[in-house]
Amino acid sequence: MSCLKRYTAEVSAQKKRRRQRFRNQVFARDRHRCQVCGRQWSATDALPALGRMDAHHITDRSRMPNGGYVPENGITVCQRPCHHLVERYHQTGTAEPGLHPDDLYTKINSSHTAALAADQRNT
């Protein structure tokens, strides 16, 4: 395997571990409960292949210096319909009532400032 292929494979593996750690931390903090509709899920439901739960980035990853993969920037949501509802803000700039990023941060006792600070420490 060439050096470039090994490097690319390692970077890909690191990103996968980072995403999984983020999901695990968010789901554990929220006790596998959707913070939008309140549905209780099990740890098994957190498996990405099942498509039942998601750890939503409250502030879009592109707007955080290190991608925002910190629990202070994540919230547990049902894949459908709740993730689509909170994602609408990222897509349109307009939030559903009660689902503005500030509202989501409040639900998890965080803030944009706290998420940004945690992300800056997470290099």
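Our structure's up above, just so we're on the same page.
Below, the structure is looked at part by part. (Residues numbered from 1 in each chain as written. Predicted model: local features only at pLDDT ≥ 70, side-chain atom pairs only at ≥ 80, totals over all residues. Heavy atoms only, no water.)

## As for the nonpolar core
Test applied: Residues belong to a common nonpolar core when they are buried Ala, Val, Leu, Ile, Met, Phe, Trp, Tyr or Cys residues joined through side-chain atoms within 4.5 Å. Throughout this description, buried means an accessible area under 20% of the type-specific maximum (1.4 Å probe, protein chains only), exposed means over 50%, and partly exposed covers the range between. The helix count covers DSSP runs of H or I at least four residues long, the strand count covers runs of E at least two residues long, and both are numbered beginning at the N terminus. By definition in these notes, contact holds between two residues if any of their heavy atoms fall within 4.5 Å.
In terms of nonpolar packing, the biggest core is built from 21 residues, with C34, I58, I75, V77 and L104 touching the most fellow members. Of all the secondary-structure elements, those providing two or more residues to this core are α1 (3-29), β1 (53-57), β2 (74-78), α2 (82-92) and α3 (101-107). The contacts of I75, once residues within four sequence positions are left out, are V26, R29, D30, Q35, D54, A55, H56, I58, L104, K107 and I108.

## A short note on the pattern of salt bridges
Filter applied, for reference: For salt bridges, the criterion is a side-chain nitrogen of Lys or Arg within 4 Å of an Asp or Glu carboxyl oxygen.
For the coordinates displayed, the defined rule picks out four salt bridges. With a closest N to O distance of 2.8 Å, R29 and D30 form a salt bridge. In this structure D30 comes out as buried when scored by relative accessible area, which is 8%. Note that R52 is salt-bridged to D45, the shortest N-O span being 2.6 Å. Residue R52 is classed as partly exposed on the basis of its relative accessible area, which comes to 36%.

## As for the pairing of β1
So the rule is basically this: By this definition, two strands are paired if DSSP reports at least two bridges between them.
For β1, the buried fraction is high: five of the five residues fall into the buried class. In β1, alternate side chains face the same way, and those of M53, A55 and H57 on one face and D54 and H56 on the other are all buried. Across five bridges, β1 lies against β2 in antiparallel orientation. Bridge pairing in β2 places D54 opposite V77.

## Quick look at helix α4 (residues 112-121)
What counts here: Directions from the helix axis toward the C-beta atoms define the arc.
Of all the positions in α4, only A115, A118 and D119 are classed as buried. The buried side chains of α4 occupy one side of the element, clustering within an arc of 100° when seen end-on. Residues of α4 that are exposed and angled more than 90 degrees away from the buried face: T113 and R121. On the buried face of α4, the contacting elements are α3.

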